[in-house]
Amino acid sequence: GTGINIYLKCTAKGAIRGNVISNTKKHNITVSTGSKAGSITGNTLKSAGDNAILIYNKSTVKKINKNKITGAKGRAIFVYSLKNSLSISNNTISKGKNAGIVLEPGTAKYKITVKSNKISLLQNNYLGYGINGKVSVTNNTYNKKSLGIKLNSAVKGKATKNKRK
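Q: Tell me about unusual backbone geometry, and please be specific about residues and values.
A: Phi angles above zero are rare outside glycine, and T33 is one such case at about 55°. Here T33 is to be found in the loop between strand 4 (29-31) and strand 5 (36-41). Even without being a glycine, N139 presents a positive backbone phi close to 55°. Inspection of the secondary structure puts N139 in the loop between strand 16 (133-138) and strand 17 (141-142).

Structure (structure tokens):
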């Protein structure tokens, strides 16, 4: 199953912080179905069977930062349907088998800022992949196996000052 699951309009007061979650069959952390979590901060997430962090079904999370994510089989961070602006920053993502960060909020009403993340993928895939929404992707570093950043035509925003190392 999932390590931490905030579901059905529930609220996690403050932050989901300081957890070590590994070897889940699905996701390490899920916030879904209109639920709220102030931030997802300082967690160590290992070997998710699918996504390490999944935000979906019009949920509210304001920050995803300072997490160490290793070996997710799906996406490290997947934002699918969001109900607020979001900052994704200072995360370290390594040994990922799929895209590092995927943004599909379903609306350009709220801005998603992806900044200062370090991403090292195991195979050719995207550091960041924007499908739709309003985004800013800046100052991220990624390894040579990553294909960089892809923003589809439905995305409002830009990617600047990102570095391949």
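Q: Could you give me a rundown of the side chain of S39, with the residues and numbers involved?
A: With respect to the helices and strands, S39 occurs in strand 5. Among residues more than four places away in sequence, those in contact with S39 are G14, A15, I16, V61 and K63.

Q: Any details on the packing of aromatic side chains? Residues and values, ideally.
A: This model, assessed by the stated rule, comprises one aromatic pair. When the centroid spacing of 5.8 Å and the interplanar angle of 45° are considered together, the rings of F78 and Y80 count as tilted. Stacked on the ring of F78, the Lys or Arg R75 has its end atom at 4.3 Å from the ring centre.

Conventions adopted
Residues numbered from 1 in each chain as written. Predicted model: local features only at pLDDT ≥ 70, side-chain atom pairs only at ≥ 80, totals over all residues. Heavy atoms only, no water. Helix = DSSP H or I, 4+ residues; strand = E, 2+ residues; numbered from the N terminus. Contact = heavy atoms within 4.5 Å. Phe/Tyr/Trp six-rings, centres within 6.5 Å; stacked < 30°, edge-to-face > 60°. Lys NZ or Arg CZ within 6 Å of the ring centre and 35° of its normal.

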